[in-house]
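Summary of the model geometry
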Amino acid sequence: MKRHETTRHGEASREDVTDNRRHTVPRDASLLRLLVTSFSVTGLVACSHAPPADFAPDPGLVAQIRDIRIVTTYTRACPGATVTANYEAVLADGARVPFSRSYDKKHPPRLHVVFLDRESPDAVSQEDGDWVTERDPLATVSTGFRLTATLRANSRITNTVVVPPDYGCMPHTFVFSGEAGGPGEAGEPGPDATVRLAVVRSPFFDKLLVAGIQVGLAQPFYVLQDATVVPPADWLVIESRGGRGGTGTTGAKGADGAAGAADCPPQPGGPGGNGGNGGPGGAGGRGGRISVIVPLDNPFLAGMVSARSPGGPGGQGGAGGAGGKGGKGGSGAGHANNRRCPDAADGAPGQAGNVGATGTQGVGGPRSLVVTAPAKEVFGLQVPAELSSLIERLQRRP
């Protein structure tokens, strides 16, 4: 089973942009090499400098620090995204000193991000002070992304911020396909897929749409989104496509023609045999079955799923076999009276076989099946703890 993820967001192509600006090119090749070398060295110096191991803050400045501010570029963050963060030290007089993200040997900063211990149960800290958030959306659905910075020189000076999750960047179009068939064989059927949908409550969203997607016997994965911004229909696209039919077998090579007998006159070579036709391609696999499970009290959620079960494409026909070589014409030399005749012509080569027929398109799968269930049973028996707590929160709501 193969899985593909796509989104509906367009992306501008760089090829669509034309740069009409003129550039001045140094005519002297040695000057050009000098400029390139100088630029490269400058770039390496600027990028490779990191604070030395003994770089430490001024103790007098540390004594004035009362707090640390963590300022993120965005107010929310998507699972698996990079969160850009800046840090400031708040001094006793209210002044703020930034923690630099870069280092200049000639002008070392008063404070640098290496002076901070950065920890989080929900993200991985980067050397420059940024964070890469946890990919699993359920892991932080109730906590958000908790980011902590502590001054190494004084561990009592620490601060934690919580960045609420945002699910707008999560994909919501998924294509699954059966395995391709072997040579000349039909493709495998599309895998069975089950989609479970419910609207719950979280500390960050009053209405949070949760979709659990399970394909075959694999563990389910989850897609989340603010239920107030999703369209009323066809928001989640699930396609279970039949596998591609296998390519047809290659036709057999034609037999080589027999060599002509040496004589005077000699015999011409025999014709080569024709190549065999290529085998037909395998039929495409049948589309898979898709089931949608929604709560009894909200059956209209099923309309948010666009379930597609197309058959797989037929396999390509096999290549025709190559024609056999024509036999070599007989030699006119060697007659008893030493008379030489012209050599006979070689036999005609055989014709190549025809390409096999393309396999037929696989048939579409059955229509999706919609099942309703009590809210606490929609996601099955083995519900992740984070999701279970959201369901309980919904049921406790007055």
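Residues numbered from 1 in each chain as written. Predicted model: local features only at pLDDT ≥ 70, side-chain atom pairs only at ≥ 80, totals over all residues. Heavy atoms only, no water.

1. Some words on unusual backbone geometry
- Despite not being glycine, Asp234 has its phi angle at roughly 55°, a positive value.
- By the element assignment, Asp234 lies in the loop between strand 14 (221-226) and strand 15 (236-241).
- Note on Asp234: relative accessible area 38%, which makes it partly exposed. (Helix = DSSP H or I, 4+ residues; strand = E, 2+ residues; numbered from the N terminus. Buried < 20%, exposed > 50% of the residue type's maximum accessible area, 1.4 Å probe, protein only.)

2. Comments concerning the side chain of Ser240
- Tracing the sequence through the fold places Ser240 in strand 15.
- A polar contact of 2.5 Å, which involves the side chain of Ser240, links it to the backbone oxygen of Pro191. (Polar contact = N/O pair within 3.5 Å; in protein donor to acceptor, adjacent residues only side chain to side chain.)

3. Re the packing of aromatic side chains
- Scanning the model with the defined rule gives 5 aromatic pairs in all.
- Ring centres of Phe55 and Phe115 lie 5.0 Å apart, and the angle between their planes is 40°; this geometry places the pair in the tilted category. One end of the pair, Phe55, is in the loop between helix 1 (29-48) and helix 2 (59-64); the other, Phe115, is in the loop between strand 5 (96-99) and strand 6 (116-119), and 60 residues separate them in sequence.
- Taking the relative accessible area as the measure of exposure, Phe115 reaches 5% and is therefore buried.
- Counting every residue linked through ring pairs, the aromatic cluster contains Phe55, Tyr103 and Phe115. (Phe/Tyr/Trp six-rings, centres within 6.5 Å; stacked < 30°, edge-to-face > 60°.)

4. Observations regarding the state of the cysteines
- Scanning the model with the defined rule gives 1 disulfide in all.
- Shown here is the disulfide that connects Cys78 with Cys169, its sulfur atoms set 1.8 Å apart. Measuring the twist about the S-S bond at about -115°, one finds the Cys78-Cys169 disulfide to be left-handed. With a gap of 91 residues between them, Cys78 in the loop between strand 2 (65-72) and strand 3 (82-83) and Cys169 in the loop between strand 10 (158-163) and strand 11 (173-177) connect regions that are remote in the sequence. (Disulfide = S-S within 2.5 Å.)

5. Some thoughts on the pattern of salt bridges
- Enumeration according to the criterion identifies 9 salt bridges in this entry.
- The partner of Arg101 in a salt bridge is Asp128, with the nearest N and O atoms 3.5 Å apart. Remark: Asp128 occurs in the loop between strand 7 (123-125) and strand 8 (131-133) and Arg101 occurs in the loop between strand 5 and strand 6; sequence separation between them is 27 residues.
- Look at Asp128 and you get partly exposed, because its relative accessible area is 31%.
- The partner of Arg146 in a salt bridge is Asp122, with the nearest N and O atoms 2.7 Å apart. (Salt bridge = Lys/Arg side-chain N within 4 Å of Asp/Glu carboxyl O.)

6. Quick word on the sheet that holds strand 4 (residues 85-91)
- Reading across from one edge, 2-4-5 is the order of the 3 strands in this open sheet, with antiparallel pairing throughout. Only two strands of the sheet have a single partner each, and these edge strands are strand 2 and strand 5. Within the sheet, the average angular offset between the axes of one strand and its neighbour, ignoring direction, is 30°.
- Pairing of strand 4 with strand 5, which is carried by 4 bridges, proceeds in the antiparallel orientation. Of the residues in strand 5, the one forming a bridge with Glu88 is Pro98. (Pairing = 2+ DSSP bridges. Axes fitted to C-alpha atoms, helices over the stretch in contact; angles between N-to-C directions.)

7. Some remarks on the sheet that holds strand 7
- Reading across from one edge, 3-8-7 is the order of the 3 strands in this open sheet, with antiparallel pairing throughout. At either end of the open sheet lies a strand with only one pairing partner, and these are strand 3 and strand 7.
- Taken together, the 2 bridges between strand 3 and strand 8 define a ladder with antiparallel strand orientation. Paired with Thr82 across the bridge in strand 8 is Val132.

Don't take any of this as a statement about function, it's just geometry.
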